[in-house]
Amino acid sequence: MAASPLDACIATIRSRAPGAAPKVGIILGSGLGGFGDALENPTKIPYGELPHFPLSGVPGHAGRLVLGMLGGQPIVAMQGRVHFYEGYTPQEVAFPARVLCALGIKALVVTNAAGGINLGFQVGDLMGITDHLNLAGYNPLIGPNDPKLGPRFPDMSHAYDPGLLELLRQSALATGMRLREGVYACLSGPSYETPAEIRMLRTLGADAVGMSTVPEVIAAAHMGVRVAGISCITNLAAGISKQKLSHEEVGETAERVKGVFQRLLERFLPEVAKS
Ligand code: HPA
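Here the structure is a predicted model, which is why all the values come from computation and not from measurement.

A.B. asks: Describe in detail the pattern of salt bridges, supporting the description with residues and values.
C.D. replies: This model, assessed by the stated rule, comprises eleven salt bridges. As a salt-bridge pair, Asp125 and Arg180 come within 2.8 Å of each other at their nearest N and O atoms. You can see Asp125 sitting in the loop between β5 (107–116) and β6 (126–134) and its partner Arg180 sitting in strand β7 (residues 179–186), a full 55 residues away along the chain. Of the two residues examined, Asp125 and Arg180, each falls in the buried class. Between Glu255 and Lys258 there is a salt bridge; the shortest N-O distance is 3.0 Å. Placement of the pair is Glu255 and Lys258 together in helix α6 (residues 247–274), with a separation of three residues, close to one helical turn. Using a relative accessible area of 36% as the deciding quantity, one classes Lys258 as partly exposed. One salt-bridge network, in which partners are shared between bridges, spans Asp37, Lys44 and Arg64.

Following this line, the structure appears as structure tokens:
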């Protein structure tokens, strides 16, 4: 019988990085991929060399997997991800997260660029994700369920692990940076929201909005892997300031925040691996 897409992908990774046993996986969002280069003794695998791995065409996403060490702990990082708005199915969008989970990680850290909805937030803030609103109009678990991966109806009460969020708070404190916290709303994109949609999202309890992350978190929750999430508030959401929204602003802010983001992760990820 032919190997499943997941097994085929895992076999390729194991052949390229023999003996690698990452404890923590991290998905690096728009403009935040540079952190992957901080890993020591890295094995870098372009997504194109991984069977069944979806390829991103969005600027700001490098598109490779990096296995390496950070603070003495084995980590796997995804430099770039794909999105529903690129035309991939929800299952394809979630596939890379499933690969990381199937590699045996104990926790998945998801990161993204997001628009700030909470009026107390400033551009450049980092936000620990406490919970999400899946408003993307799809769910990556739709379709037949593979009980070997997880249950048909997974619990999402603690999709963002409270223990990991506490570790993130402590890491932020130790790094001397301010960490915001809040609820991330996921919409499909690719158009940015209207001011009316942002007012609606604020009423619904969202603090930040983006076009990613939630499919991967649902897949990880399905597979019983703990998740922590960090949003980089790259811009104020539509209608809050007079400025027009653009992918360039998103990239510029992510670039500006790079140093703080890297220091936070250098502290946080080894702690997650040890937890
Ligand atoms: N809206 C949706 N996605 C985003 C935004 C935004 O304002 N900023 C970065 N990603």
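A.B. asks: Account for the site of the ligand, with residues named and values stated.
C.D. replies: The environment of the ligand is formed by Ala113, Ala114, Gly115, Tyr192, Glu193, Val209, Gly210, Met211, Thr234, Asn235, Leu245 and Val250. One nitrogen or oxygen atom from the main chain of Ala113 is found 3.3 Å from a nitrogen atom belonging to the ligand. In the environment of the ligand, a nitrogen atom lies 3.3 Å from a nitrogen or oxygen atom belonging to the backbone of Gly115. Its free accessible area being 260 Å², the ligand has 95% of it covered by the protein chains. For the shell around the ligand, the secondary structure elements donating two or more residues are β5, β8 (208–210) and β9 (226–236). Per-element accounting of the shell around the ligand gives the leading share, three residues, to β5. For the shell around the ligand, the class distribution of residues is seven nonpolar, four polar and one charged.

A.B. asks: Account for the pairing of strand β1 (residues 24–28), with residues named and values stated.
C.D. replies: In terms of burial, β1 is a largely internal element, five of the five residues being buried. Where burial is concerned, the two faces of β1 agree: the one with Val24, Ile26 and Leu28 and the one with Gly25 and Ile27 are both buried. As paired strands, β1 and strand β4 (residues 73–79) are joined by five bridges and run parallel to one another. Across the sheet, the residue bridging to Ile27 is Met78, located in β4. Judged from the four bridges that link them, β1 and β5 form a sheet pairing that is parallel. Of the residues in β5, the one forming a bridge with Val24 is Ala107.

A.B. asks: Report on the nonpolar core, specifying residues and quantitative values.
C.D. replies: Leu50, Phe53, Leu65, Val99, Leu100 and Leu108 are the most contacted members of the largest nonpolar core, which totals 43 residues. Top element by residues in this core is helix α2 (residues 90–102). It accounts for five residues.

A.B. asks: Describe the packing of aromatic side chains, listing the residues and the values that go with them.
C.D. replies: Scanning the model with the defined rule gives three aromatic pairs in all. Here Phe53 and Phe95 contribute two aromatic rings whose centre-to-centre distance is 6.2 Å and whose plane-to-plane angle is 70°, an arrangement assigned as edge-to-face. Highlighted residues: Phe53 in the loop between β2 (40–46) and β3 (64–70) and Phe95 in helix α2, separated in sequence by 42 residues. Residue Phe95 is classed as buried on the basis of its relative accessible area of 11%. With a centroid separation of 4.0 Å and an interplanar angle of 35°, the aromatic rings of Phe84 and Tyr138 are classed as tilted. With Phe84 in the loop between β4 and α2 and Tyr138 in the loop between β6 and α3 (162–175), this pair connects stretches of sequence that are 54 residues apart.

A.B. asks: Let's hear about unusual backbone geometry: which residues, and what values?
C.D. replies: For the peptide bond that leads from Gly189 to Pro190, omega is 0°, which places it in the cis range. If you trace the backbone, Pro190 turns up in the loop between β7 and α4 (195–204). Here Asn41, not a glycine, exhibits a phi torsion of approximately 50°, which is positive. Secondary-structure assignment places Asn41 in strand β2. Although it is not a glycine, Thr213 adopts a positive phi angle of roughly 75°. Following the sequence through the fold, Thr213 ends up in the loop between β8 and α5 (214–222). A relative accessible area of 0% places Thr213 in the buried class.

Here is what the cut-offs are and how they apply
- Position labels on residues start from 1 in each chain and follow its written sequence.
- Only residues with pLDDT of at least 70 get local features here, since the model is predicted, and only at 80 or more are side-chain atom pairs given and counted; chain-wide, interface and lining totals rely on the full set of residues.
- Side-chain measures here rest on the full set of heavy atoms in the structure, leaving out hydrogens and waters.
- When a carboxyl oxygen of Asp or Glu lies within 4 Å of a side-chain nitrogen of Lys or Arg, that pair is called a salt bridge.
- Comment: elements are numbered from the N terminus, with helices defined as DSSP H or I runs of at least four residues and strands as E runs of at least two.
- Relative accessibility thresholds used throughout: buried, under 20% of the residue-type maximum; exposed, over 50%; partly exposed, between the two (1.4 Å probe, protein chains only).
- Residues are counted as near a molecule or strand when any one of their heavy atoms sits within 4 Å of it.
- Each polar contact in these results corresponds to two N or O atoms within 3.5 Å; when the atoms are within protein, one needs to be able to donate a hydrogen and the other to accept it, and residues that are neighboring in sequence are counted only if both atoms are side-chain atoms.
- In these tables, accessible area is a Shrake-Rupley quantity obtained with a 1.4 Å probe, and a residue counts as shielded only by the protein chains included in the view.
- Amino acids are sorted into nonpolar (Ala, Val, Leu, Ile, Met, Phe, Trp, Tyr, Cys and Pro), charged (Asp, Glu, Lys and Arg) and polar (every other residue, Gly among them).
- When DSSP finds two or more bridges between two strands, those strands count as paired.
- Nine residue types can take part in a nonpolar core, namely buried Ala, Val, Leu, Ile, Met, Phe, Trp, Tyr and Cys, and a core is a set of them joined through side-chain atoms within 4.5 Å.
- Each Phe, Tyr or Trp ring (for Trp, its six-membered ring) is paired with any other whose centre lies within 6.5 Å, and the angle between the two planes then decides the class: stacked below 30 degrees, edge-to-face above 60, tilted in between.

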